[in-house]
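# Coordinates in review
Spelled out from the first residue to the last, the chains are:
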Amino acid sequence: METTTNFFNQIAQLQIIGDLHITIAKGAEDRLIVLVMLQNEACGDNAKHSIPPLNLRGTAEELDSGFFENITTPIESASGLMVDMEGYMKQLENTKKQSAMEKEKADKQKIEQQAKDKKFKEAMAKADELEKEGKFREAWIKVPEITEFPEKADEIRRRKTSLSDKFSAPSLFGAMEQEKHESLNPEEITADSTDEMEEENVEQEEE
């Protein structure tokens, strides 16, 4: 005599994702103890372990008539909860990755900015050193270009202007004229003229 059951057919109709674990134990007075638990290994949230199993007790007849009626709603709810947990964990992991990438990007930008600032300070310090030595043109050349440090445009412009004023054409011509006048000392001119006149007088007396 063949015995048919629709038990597995009804299991298949449950809207669940995961593995359904059913444990059946015999209790007192011909009663059965049935534990039903849904596990979803794809769910990475450890909170899934806090979902308790369904605990059903009754005679075989009672369980036959009310088993699916009692487990369908809670098991499907648990399945949906774990799916939500899985989605949440995936989103959380993606957020962590993005956060790490943003931090790495920010750290890289910080390092690059520090290197850039160091380069700017060294160039300006070299310009200051050359200026103290009176090498204004060389100092002007050492001042960085605005295209390289656009955020320092005002500072660079002021520094270049200050240095260019010190080696501009009018200043150079003025210095040359000053040197020329200094080389023509009036005392030297008078002394030279006196010596020449004395030599002429001596020559006339000898004649």
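We now turn to the structure provided with this report.

How each quantity is defined
Residues numbered from 1 in each chain as written. Predicted model: local features only at pLDDT ≥ 70, side-chain atom pairs only at ≥ 80, totals over all residues. Heavy atoms only, no water. Helix = DSSP H or I, 4+ residues; strand = E, 2+ residues; numbered from the N terminus. Buried < 20%, exposed > 50% of the residue type's maximum accessible area, 1.4 Å probe, protein only. Contact = heavy atoms within 4.5 Å. Pairing = 2+ DSSP bridges. Phe/Tyr/Trp six-rings, centres within 6.5 Å; stacked < 30°, edge-to-face > 60°. Lys NZ or Arg CZ within 6 Å of the ring centre and 35° of its normal. Expected span 1.5 Å × (residues − 1). Bend = angle between axes of the 7 residues up to and from the residue. Salt bridge = Lys/Arg side-chain N within 4 Å of Asp/Glu carboxyl O. Axes fitted to C-alpha atoms, helices over the stretch in contact; angles between N-to-C directions. Parallel < 35°, antiparallel > 145°, perpendicular 65-115°, else oblique. Left-handed = near helix turned anticlockwise from the far one by under 90°. Nonpolar A, V, L, I, M, F, W, Y, C, P; charged D, E, K, R; others polar.

Here we take up the overall build of the protein chain. Helix and strand counts for the protein chain come out as six helices and three strands. Its helices and strands taken in sequence order, the protein chain reads α-β-β-β-α-α-α-α-α from the N to the C terminus. The burial tally for the protein chain puts 18% of its 207 residues in the buried class. In the protein chain, the share of contacts with a sequence separation of at least 24, taken over all contacts with a separation of at least 6, comes to 50%.

Bridging between strand S1 (residues 19-26) and strand S2 (residues 32-39) involves eight bridges; their strand directions are antiparallel. Each residue of the ladder has a partner; that of His21, found in S2, is Met37. Counting the residues that bridge the hairpin from S1 to S2 gives five residues, and of these Glu29 lies at a positive phi of roughly 55°. Bridge count between S2 and strand S3 (residues 54-58): five bridges; the pairing is antiparallel. Pairing of Ile33 across the sheet is with Arg57, part of S3.

Applying the stated criterion across every chain yields a total of five aromatic pairs. Taken together, the aromatic side chains of Phe7, Phe8, Phe67 and Phe68 make up a single cluster linked through ring pairs. Looking at Lys160, its charged tip hangs above the ring of Trp140, at a distance of 3.8 Å from the centre.

Here helix H2 (residues 60-132) is 73 residues long and its end C-alpha atoms lie 103 Å apart, about the 108 Å a rise of 1.5 Å per residue gives. Taking the largest bend as the criterion, H2 deviates by roughly 55°, centred on Gly66. Phi turns positive, to about 80°, at Gly134, one or two residues after H2.

With the rule as written, the count across this model stands at 11 salt bridges. The salt bridge involving Lys90 is made with Glu86; its shortest N-O contact spans 3.3 Å. Of this pair, Lys90 and Glu86 both sit in helix H2, separated by four residues, roughly a single helical turn. A residue is classified by how much of its surface remains accessible, and Glu86, at 16% relative accessible area, is buried.

Contact geometry for H2 and helix H4 (residues 153-167): axes closest at 12 Å, N-to-C directions at 15°. If you check the angle between H2 and H4, you find them roughly parallel. Note that H2 runs across H4; the crossing there is left-handed. Contacts between H2 and H4 involve Phe120, Met124, Ala127, Asp128 and Glu131 from the former and Glu155, Ile156, Arg159, Leu163 and Lys166 from the latter. Class assignment for the residues of the contact of H2 with H4 results in five nonpolar, no polar and five charged.

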